[in-house]
There are 2 protein chains.
Amino acid sequence: MATERESAVGGCTMLRIPEVIQKKRDGGELSQQELEALVLGGLRGEVPDYQVAAWLMAVYFRGMTPRETVTLTTILQHSGEQVHLPPLGKPTLDKHSTGGVGDKTSLVVVPLLAACGVAVPKMSGRGLGFTGGTVDKLESIPGFRTDFSAVEMAHLVQQVGACLVGQSPELVPADKYLYALRDVTATVDCIPLIASSVMSKKLAGGAEHLLLDVKVGSGAFMTHLPDALELARTLVQIGEMAGRRTLALVTDMSQPLGEAVGNALEVAEAIAVLQRRAGAASARFEVLCIELAAHALLLAGLETDLYQARLRVRKRLEEGAAWQTFRQLVQAQGGDVRTVDDPSLLPQARVRLPICIPQTGYIHAVDARGVGLLAVRLGAGRARKEDAIDHAVGIRILRHVGDHVEPDLPVAEVHAQDDTLAAEVAAELQECFLVGEGAPRFQPLVYAVVPESNQFGG
Amino acid sequence: MATERESAVGGCTMLRIPEVIQKKRDGGELSQQELEALVLGGLRGEVPDYQVAAWLMAVYFRGMTPRETVTLTTILQHSGEQVHLPPLGKPTLDKHSTGGVGDKTSLVVVPLLAACGVAVPKMSGRGLGFTGGTVDKLESIPGFRTDFSAVEMAHLVQQVGACLVGQSPELVPADKYLYALRDVTATVDCIPLIASSVMSKKLAGGAEHLLLDVKVGSGAFMTHLPDALELARTLVQIGEMAGRRTLALVTDMSQPLGEAVGNALEVAEAIAVLQRRAGAASARFEVLCIELAAHALLLAGLETDLYQARLRVRKRLEEGAAWQTFRQLVQAQGGDVRTVDDPSLLPQARVRLPICIPQTGYIHAVDARGVGLLAVRLGAGRARKEDAIDHAVGIRILRHVGDHVEPDLPVAEVHAQDDTLAAEVAAELQECFLVGEGAPRFQPLVYAVVPESNQFGG
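Keep in mind that this is a model prediction, so the values were computed, not measured.

Things to note about the overall build of chain A
Counting secondary structure elements, chain A contains 17 helices and 15 strands. Taken over the C-alpha trace, chain A has a radius of gyration of 22 Å; the compact-globule value for 458 residues is 23 Å, and the two agree within 12%. Dimensions along the principal axes, computed over C-alpha positions, put chain A at roughly 75 × 50 × 45 Å. Evaluated residue by residue, chain A yields a buried proportion of 59% over its 458 residues. Summing over all exposed atoms, chain A offers an accessible surface of approximately 17,100 Å²; the carbon and sulfur share of this is 50%.

Some details on the relation of the copies chain A and chain B
Between chain A and chain B, which share one sequence, the superposing operator has a rotation angle of 179° and an axial displacement of 0.0 Å; the RMSD is 0.1 Å. Such a turn and shift between the copies fits a two-fold axis. Minimal C-alpha distance to the rotation axis in chain A is attained by Tyr50 of chain A, lying at 1.8 Å. Both copies contact each other with a shared surface, as 100% of the interface residues of chain A are interface residues in chain B too.

Things to note about the environment of Pro451 of chain B
Residue and element names in this part refer to chain B. Mapped onto the elements of the fold, Pro451 is located in the segment after β15 (446–450). Linking Pro451 and Thr246, residues 205 residues apart in sequence, is a C-alpha distance of 8.6 Å. Leave out the neighbours within four places in its chain, and Pro451 touches Val236, Thr246 and Leu247.

Digging into the sheet that holds strand β10 (residues 361–366) of chain B
The strands making up a sheet associate through hydrogen bonds between their backbones, and the pairing can be parallel or antiparallel. Residues and elements named next belong to chain B. Read from one edge to the other, the open sheet built from three strands follows the order β12-β10-β14, with strand pairing classed as antiparallel. Edge positions in the sheet fall to β12 (404–405) and β14 (433–436), since each has one partner strand and no second. Relative to β14, β10 is paired through four bridges, and the arrangement is antiparallel. Pairing of Ala365 across the sheet is with Leu434, part of β14.

Remarks on the nonpolar core
Within the largest apolar cluster, 87 residues are counted, with the highest numbers of intra-cluster contacts made by Leu113, Ile141, Val371, Ile395, Val414, Leu429 and Phe433 of chain A. Of the residues forming this core, the biggest block, eleven residues, is contributed by helix α12 (residues 283–299) of chain A. Structurally, this core is a two-domain feature, drawing no fewer than three residues from each of domain 2 (93–344 + 446–454) and domain 3 (351–436) of chain A. Beyond its immediate stretch of four places on either side in the chain, Phe433 of chain A contacts Ile357, Ile363, Ala365, Val366, Ile397, Arg399, Val411 and Ala412 of chain A. Among the nonpolar cores identified, the runner-up in size contains 86 residues, and Val118, Trp323, Val330 and Val337 of chain B belong to it.

Looking at the environment of Ala232 of chain A
All names here are of chain A. By the element assignment, Ala232 lies in helix α10 (residues 225–241). C-alpha of Ala232 to C-alpha of Ala368: the two residues are 136 residues apart in sequence and 21 Å apart in space. Once residues lying within four places of it in the same chain are set aside, the contact partners of Ala232 are Val214, Ala248, Val250 and Val450.

A word on α12 of chain A
Residues and elements named next belong to chain A. Taking 1.5 Å of rise per residue, the 17 residues of α12 would be expected to cover 24 Å, and the 24 Å separating its terminal C-alpha atoms lies within 8% of that figure. With 14 of its 17 residues buried, α12 lies for the most part within the structure. Directly after α12, the chain includes Gly301, whose backbone phi takes a positive value near 80°.

Describing the interface of chain A and chain B
Each side of the interface is counted separately: chain A has 32 residues, and chain B has 32 residues. Summed over both partners, the interface of chain A with chain B buries about 2,900 Å², with 61% contributed by carbon and sulfur atoms. Linking chain A with chain B are two salt bridges. At the boundary of chain A with chain B, the tally comes to eight residue pairs in polar contact (both at pLDDT 80 or more). Broken down by secondary-structure element, the contributors of at least two residues to the side of chain A that touches chain B are α1 (17–25), α3 (49–62) and α8 (173–183) of chain A. Examining the composition of the side of chain A that touches chain B, we find that ten residues originate from one element, α3 of chain A, more than from any other. Of the residues belonging to the side of chain A that touches chain B, the class tally is 17 nonpolar, four polar and eleven charged.

Structural notes on the packing of helix α9 (residues 191–204) of chain A against α10 of chain A
Two measures define how a pair of helices packs: the angle their axes make with one another and the distance between the axes. All names here are of chain A. Two numbers describe how α9 lies on α10: the axes approach to 9 Å, and their chain directions differ by 45°. Taken together, the axis directions place α9 and α10 in an arrangement best described as oblique. At the point where α9 passes α10, the crossing takes the right-handed sense. Residues Ile191, Ile194, Ala195, Ser196, Val198 and Met199 of α9 pack against Asp227, Glu230, Leu231, Thr234, Leu235, Ile238 and Gly239 of α10. Of the residues in the contact of α9 with α10, the class split is eight nonpolar, three polar and two charged.

Focus on the domain arrangement of chain A
By a widespread convention, an interface's size corresponds to the accessible area lost as its parts come together. Residue and element names in this part refer to chain A. Taken domain by domain, chain A holds domain 1 (2–63), domain 2 (93–344 + 446–454) and domain 3 (351–436). Here the C-alpha centre of domain 3 lies 24 Å away from the C-alpha centre of domain 2. A combined buried area of about 2,100 Å² lies between domain 2 and domain 3, and 55% of that area is made up of carbon and sulfur atoms. Sorting the residues of domain 2 by area buried against domain 3 places Phe130, Glu259 and Leu265 first, and these three jointly supply 25% of that buried surface. The tally of links from domain 2 across to domain 3 stands at two salt bridges. Across the salt bridge formed by Asp136 and Arg382, the nearest N and O atoms sit 2.8 Å from each other.

Notes on the side chain of Gln77 of chain B
Residues and elements named next belong to chain B. Relative to the elements of secondary structure, Gln77 occurs in helix α4 (residues 66–77). Note on Gln77: relative accessible area 6%, which makes it buried. Residue contacts for Gln77: discarding those within four places in its chain leaves Gln82, Val172, Ser200, Leu203, Ala204 and Arg244.

Topic: the confidence of the model for chain A
Residues and elements named next belong to chain A. Residue-level pLDDT values for chain A average 93, and 96% of them are 70 or greater. Confidence over residues 1–13 falls short of pLDDT 50; this stretch has 31 contacts with residues more than four positions distant or in other chains. Interface confidence for the predicted complex, given as ipTM, is 0.85, next to a pTM of 0.87.

What to know about unusual backbone geometry
Each neighbour pair has its own omega, and for Val450 of chain A with Pro451 of chain A the value is 5°, a cis peptide bond. The backbone of Val172 of chain A sits at a positive phi, close to 35°, despite the residue not being glycine. Relative to the helices and strands, Val172 of chain A is located in the loop between β5 (162–166) and α8. When its relative accessible area of 0% is taken as the criterion, Val172 of chain A is described as buried. One non-glycine residue, Ala186 of chain B, lies in the positive phi region at around 55°. Within the element layout of this structure, Ala186 of chain B appears in the loop between α8 (173–183) and α9 (191–204).

Quick word on the environment of Leu178 of chain B
All names here are of chain B. With respect to the helices, strands and loops of the structure, Leu178 is situated in helix α8. Note: C-alpha distance between Leu178 and Val52 (126 residues apart in sequence) is 8.4 Å. Not counting the four nearest positions on each side in its chain, Leu178 is found in contact with Val39, Val52, Trp55, Leu56, Leu72 and Leu76.

Thresholds, definitions, all that
- Residues numbered from 1 in each chain as written.
- Chains lettered and ligands numbered in written order.
- Predicted model: local features only at pLDDT ≥ 70, side-chain atom pairs only at ≥ 80, totals over all residues.
- Heavy atoms only, no water.
- Helix = DSSP H or I, 4+ residues; strand = E, 2+ residues; numbered from the N terminus.
- Rg over C-alpha atoms; globule rule 2.2 N^0.38 Å.
- Buried < 20%, exposed > 50% of the residue type's maximum accessible area, 1.4 Å probe, protein only.
- Areas by Shrake-Rupley, 256 points an atom, 1.4 Å probe, with all protein chains shown as cover.
- Least-squares fit on C-alpha atoms with pLDDT ≥ 70 in both.
- Contact = heavy atoms within 4.5 Å.
- Pairing = 2+ DSSP bridges.
- Core = buried A, V, L, I, M, F, W, Y, C linked by side-chain atoms within 4.5 Å.
- Domains from an automatic or database assignment.
- Expected span 1.5 Å × (residues − 1).
- Buried area = accessible area lost by both parts, 1.4 Å probe.
- Salt bridge = Lys/Arg side-chain N within 4 Å of Asp/Glu carboxyl O.
- Polar contact = N/O pair within 3.5 Å; in protein donor to acceptor, adjacent residues only side chain to side chain.
- Nonpolar A, V, L, I, M, F, W, Y, C, P; charged D, E, K, R; others polar.
- Axes fitted to C-alpha atoms, helices over the stretch in contact; angles between N-to-C directions.
- Parallel < 35°, antiparallel > 145°, perpendicular 65-115°, else oblique.
- Left-handed = near helix turned anticlockwise from the far one by under 90°.
- pLDDT = per-residue confidence, 0-100.

Below is the structure:
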């Protein structure tokens, strides 16, 4: 605890931090100087964490104005290193998902866009809780490296047209500081704080265009559509105010996306889509990849019509161009190409246990969060940041909402290292499936595109 | 910052502090175990300050239930030493004021009650901001000691029937911890937190009965009557739930109370009241002392009728019994009795500057906060905890709301050590007086007695 009654930072102009906190507490709008004092002061240890924590909780209750949110984002963005891409002669685009269960879209969309002529300098994170992370998934591939510097990253994009790397530790240190504090003070689920955190990383990443996939449903951070829409609008507003063309799709995460939940299993599914041999259980996943990529082409100005954009994307996928780009990307990032050519060489779990449901009817729901948490229990994800993960384990969802089921037809498969755990998870996995007699209502895949008025003519 | 994702305290049952914060953030009621984890965990350094700060800000927005407020109060109460009074053969009562400008009531009420047969083990604080503190005032008397242990304090009460001491440093350490954190995180002005802080000290003080003077107006912490009433009700509720008979008066602090604002000046005014030679400018102050003492006699069960209680109190004052008790108290606490027998021996300021207002009419307002802040500027109070004070300086208010003024009739007097500062303060002091042509509306002195239904038949 500070012994001084006031903490003063901000150069010549002395700010009284308690007064800054009080301003936000009482619903006021903080200036750039005040936000810098709190966030950079906190990062440097000049302002104690308890004052930053009090401000965060006040923001939770009072929100932030659009101007404050943009200001906070740019403060976070400029708090560390930034990626500067060399002139590439083609548009650059970054893609971000707010995270879901079985969300391996980046593994397909990034090489697919590169194959369509968009440079994609993509930085990803690790998984936490019931959602997975692209970096964890990629590390299923033996030798695959994700720790590249900003300069190496620019070089990879020049060479392959895309990269799939981890976030440089020098990027947005103020965001890391703030997130760690939010995590332990119950101030994570606050839309302006989420939006500024996401966008600070994307802005520091250096791409001209930003495509955002905001997930909604039990397997996402946002479980209600109005919240997801608000987040999407806030993200787009920040991007546009910061001078980047930004588009967000709000997409369904009420059931797991596609077949695989678990790291190597998800890589194998992405490869199956890229190699044009994916089964029916991957259909919804493949459609989402195409939708995201098509919107990205509009955003990047390579197409002006959504229908034409879909055709172009589908063609590049069917020709195998996306697959070839993925292969090059794996090779450029040190991965063993044999394991992607033949995914049976990826890590495999010892036990495979199929799950049936003793009912005849139609699947009405598959609880995405439930499936995600069971995958964590198998070892595919982390309950805590410091946990190790097992790349081989996970769950395959073979039947989705709307599919017919019969007592002897497996609806899922548990991949585990241990028979007892496999049996426990299998029993709980059955509970994630809701089966009814009639066919269920159609569940949309894309709920909304933000900005709503489709300026790209699609 | 903690590197662990969760802080766990509370013995065998592990509490996740972020979940406890979230519960309050979402409007839930915390259990005793959860409140202990936060407050005692914070005090012991087992829970980091930033988590306690986030909880405090959540309490600011969500409030606390009566049960939570009482639970927090008893946790604070039991966090340190407690005063245990020996059997005295008479009721014991503690009195507390939420603080105001010129509020020297304890100096009169405490010896007055002792002279009426109520034992008063009174602990007081120091002043901060525009309000003064009883301990500072008493230290104007040469030799007067306020640093007594709990045992010595009980001995003083046996000997004199009352004491006027500072708060023992071993008392309510958790309240000191929490207050210091509230002070730097903009979470001071929150009724359940104020109430639990006040009541924890009073409960640890050991008296059976508690009389509270909740001030309202520009010179008080609460400037609006509904807030003051809510605080009064919360204080009484805590006292009653903790098994102490508790009564609160909500009293006016829109103008300075009585004549003197400043330490030795206030002691001199209190002595004038006790010696029955106070002037008209002290009338309202004297009436309040009698009202408080009369209600205290009802509360302590020594009278059943408010009218009779007032008569008894007035008689003890007029007989000089209260003055004799005050004299004994000063002697018992090491003070130089000659200086109270002859208050002209108390510290005197070098400069005395009378203030006139170039208008004829009636005083409609005297801004209590303005006067309090000017007294601080003269050196009578502290802008920061670590500031030193000058016991001699201050302001005398010679005319109050409703009094007639003429251009040559002084309305106030500045007591300063320095001519320049005296002139500056004098100019600003004029601005604190609002003069109109007609007589102003009557300003009540006591707005409310809580509990409202006067169970004492007064």
